[in-house]
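Overview (structure and organization)
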Amino acid sequence: MKKILWMLALALLSVSAQAKVRLPHILGDRMILQQNTEARLWGWAKAGKTVKVTTSWSDAVYTAKAGKDGKWMVKVMTPAGSYQPLSITFDDGEQLTLNDVLAGEVWVCAGQSNMEMPVKGFGNCPVEGYNDEVVNANQYKGIHFVKIPSIMRMTPQEDADCEWKTVSPKTVGDASATGYFFAQVVNKALDIPVGLIMANKGGSRVESWFTKENLEKYTDEPTDTMGIVNFKPQWDYHRALVWGNGTFHPILNYTVKGILYYQGCSNVGDPGNQYSERMKILVDQWRSQFALGEIPFYFVEIAPYHYDNVDADWGAKLREQQYRASTIIPNSALVCTNDLVYPYETTQIHPAQKKPVGQRLAYLALNKTYGMEEVGCMSPSFKDMKISNDTVFIHLSNDLGAINRFMGIEGFELAGEDRVFHPAKASHFWKPGGGYWNEAISIVSPEVKQPVAVRYCFKNFQIGNLKNAAGLPLFPFRTDDW
């Protein structure tokens, strides 16, 4: 008799366990909900069960019925961002409550290792100012983050083993440095919580995040297990499909404001416009998968790096492709990092200056997404040129009314018909009477008497010093197509 009662008790426990609603790990205590929107909440329950969702900030009751596969989803209207702790209760006959939830702004931190790089740095790759960030972490209220484990999967995953953390001296070292410095600025400027979803993988290519459908439609890369392994046999982080399935797919139901992206080193050497075209495909894919419209996409130029030859231009051509991507992807913008390496970091693929990277991403968001037009956010870029005798004159776009220096400008080169580039002297130029000559930059080189082309920092590793009124550096460029 006792054995029968014991077995009945186990059966009841099993039924109860099956009845209790199950949430994906990304829905948990301390999460940040996107403010003032319909945020998606989802999970699993016994097929046919009705799940009731209630919140601490509203009297509304939301319900959904679990399908045959046990899946359910509701959309909950969220409040304005604040530091007031919130709670959400899920009930399918047994209650489950999430606590210490905040409403604020939620951004995805995507890409490869320079986005993944935490505040505490990697081995032999420190982040500048680490101790200061630990000491000052408590000054920032309401910055939370969740790191999605970097795992490979052949099929899209619906959940990931992750946990939201509140930034504090104990936790800040684990946050993406670029993401955290972005969050600092947005948090301070808007005075609301900021949530960071870190879904990235060091060394990944743009193709690493493509769906199977996009790989088959736009590339010649295999999508079967052995084909993927054999196509990129040396490093697993170069593999296509599997990182998107394992690391990015679990976040796609989450309601976010936008995407921050730092990637490109592993695509150096790609031919023609392939990289920029595939970047656009990826952004279109993610926007479609998130189903939140044309959400902002702000991304980072790869920093100067030797790529085995400081004077070659493979890295420069990838940067050129990134700039092109920013012109063909709607609601996107690119951060220039040409000045954010030290001369001794020639062989450092993870430069230490991550704070300005995050800050510049934040300037883009504040200006373009949050309407703070007073914030200068765009780097200057080449606009046009005119050649007069031995001198090239150029104009820039987005100088914001000024350049940072009139003399001692570094990074320019000129070439004649022989296509050999020589270092050039550049300086501010102004001529009475205005016209084209107003606020031009003049460029000359003693070795080039009849110039036909100009380049600026168009090498794997070359640091320039020309910036605009907001202190943002000039994008590397070339006027030739050699």
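Heads up: these notes are all about the structure in this document. (Residues numbered from 1 in each chain as written. Predicted model: local features only at pLDDT ≥ 70, side-chain atom pairs only at ≥ 80, totals over all residues. Heavy atoms only, no water.)

**Some thoughts on the overall build of the chain**
Applied cut-off: Each helix is a run of H or I in the DSSP string that is no shorter than four residues. Each strand is a run of E no shorter than two, and both are numbered from the N terminus. For the radius of gyration, the atoms used are the C-alpha atoms, and the globule rule reads 2.2 Å times the number of residues raised to 0.38. The contact criterion used throughout is that any non-hydrogen atoms of two residues lie within 4.5 Å. Where accessible areas are quoted, they stem from the Shrake-Rupley method and a 1.4 Å probe; at the residue level, only the protein chains shown are allowed to cover.
Within the chain, the regular secondary structure consists of 10 helices and 21 strands. Over its C-alpha atoms the chain spans a radius of gyration of 26 Å, differing by no more than 12% from the 23 Å that the globule rule assigns to 482 residues. With respect to the three principal axes, the spread of C-alpha positions in the chain is 105 × 50 × 40 Å. Taking contacts inside the chain between residues at least 6 apart in sequence as the whole, the part at least 24 apart equals 72%. A total of about 20900 Å² of accessible surface is found on the chain, and carbon and sulfur atoms cover 50% of it.

**Description of the sheet that holds strand β20 (residues 453-456)**
Strand pairing in a sheet relies on backbone hydrogen bonds, with the paired strands running either antiparallel or parallel. How we decide: A pair of strands is treated as paired once DSSP finds two or more bridges between them.
One open sheet accounts for 4 strands, arranged β17-β16-β20-β21; its pairing is antiparallel. The strands lining the two open edges of the sheet, one partner per strand, are β17 (421-423) and β21 (477-478). Pairing between β20 and β21: 2 bridges, direction antiparallel. The residue bridging R455 from the neighbouring strand is R478, located in β21.

**Some remarks on the packing of helix α4 (residues 177-190) against helix α10 (residues 355-369)**
Worth spelling out the cut-off: Helix axes are fitted to C-alpha atoms over the stretch in contact, other axes to C-alpha atoms as well, and angles between N-to-C directions run from 0 to 180 degrees. An angle counts as roughly parallel when it lies under 35 degrees, as roughly antiparallel when it exceeds 145, as roughly perpendicular when it falls between 65 and 115, and as oblique in every other case. Note: crossing handedness is left-handed where the near helix turns anticlockwise from the far helix by less than a right angle, and right-handed where it turns clockwise. Lys, Arg, Asp and Glu make up the charged group, whereas Ala, Val, Leu, Ile, Met, Phe, Trp, Tyr, Cys and Pro make up the nonpolar group; the residues left over, Gly among them, are polar.
Contact geometry for α4 and α10: axes closest at 7 Å, N-to-C directions at 45°. Classified by the interaxial angle, the pair formed by α4 and α10 is oblique. Both α4 and α10 take part in a crossing whose hand is right-handed. Listed contacts from α10 to T178, F181, F182, Q184, V185, V186, A189 and L190 of α4 are K355, V357, G358, Q359, L361, A362, Y363, A365 and L366. Taken together, the residues of the contact of α4 with α10 sort by class into 12 nonpolar, 4 polar and 1 charged.

**What about helix α8 (residues 274-290)?**
Definition in use: Take the residue count of a helix, subtract one, and multiply by 1.5 Å to get its expected span. Buried residues are those whose accessible area, probed at 1.4 Å on protein chains only, stays under 20% of the maximum for their type, while exposed residues exceed 50% and partly exposed ones sit between those limits.
Compared with the 24 Å implied by 1.5 Å per residue over 17 residues, the 24 Å span of α8 between its first and last C-alpha is a close match. Within α8 the residues assigned to the buried category are Y275, S276, R278, M279, I281, L282, V283, Q285, W286, R287 and F290.

**Thoughts on the environment of D390**
The residue D390 is located in the loop between β14 (381-388) and β15 (391-397) in this model. Once the C-alpha coordinates of D390 and F145 are considered, the two residues, 245 residues apart in sequence, prove to be 55 Å apart.

**Side note on unusual backbone geometry**
The bulk of non-glycine residues show a negative phi, and the bulk of peptide bonds are trans. You will see that D191, though not glycine, has its phi angle at about 55°, which is positive. Taking relative accessible area as the criterion, D191 reaches 48% and is therefore assigned partly exposed.

**Let's talk about the packing of aromatic side chains**
Aromatic ring pairs: the centre-centre distance and the angle between the two ring planes describe each pair. Basically, it comes down to this: Only centres within 6.5 Å qualify two rings of Phe, Tyr or Trp (six-membered ring in Trp) as a pair; their planes then separate them into stacked at under 30 degrees, edge-to-face at over 60, and tilted for everything else.
Enumeration over the complete set of coordinates arrives at 23 aromatic pairs. Ring geometry for W72 versus F90: centroids 5.9 Å apart, planes at 50°, classification tilted. Note that W72 is positioned in strand β5 (residues 71-77) and F90 in strand β6 (residues 82-91), a separation of 18 residues in sequence. On the basis of relative accessibility, which here comes to 0%, the residue F90 falls in the buried class. Ring centres 6.0 Å apart and planes at 35° place the aromatic pair W164 and Y254 in the tilted group. With W164 in strand β9 (residues 164-166) and Y254 in the loop between α7 (242-248) and β11 (258-262), this residue pair connects regions lying 90 residues apart in the sequence. This pair shows no difference in class: W164 is buried, exactly as Y254 is.

The values are spatial; any link to function lies outside them.
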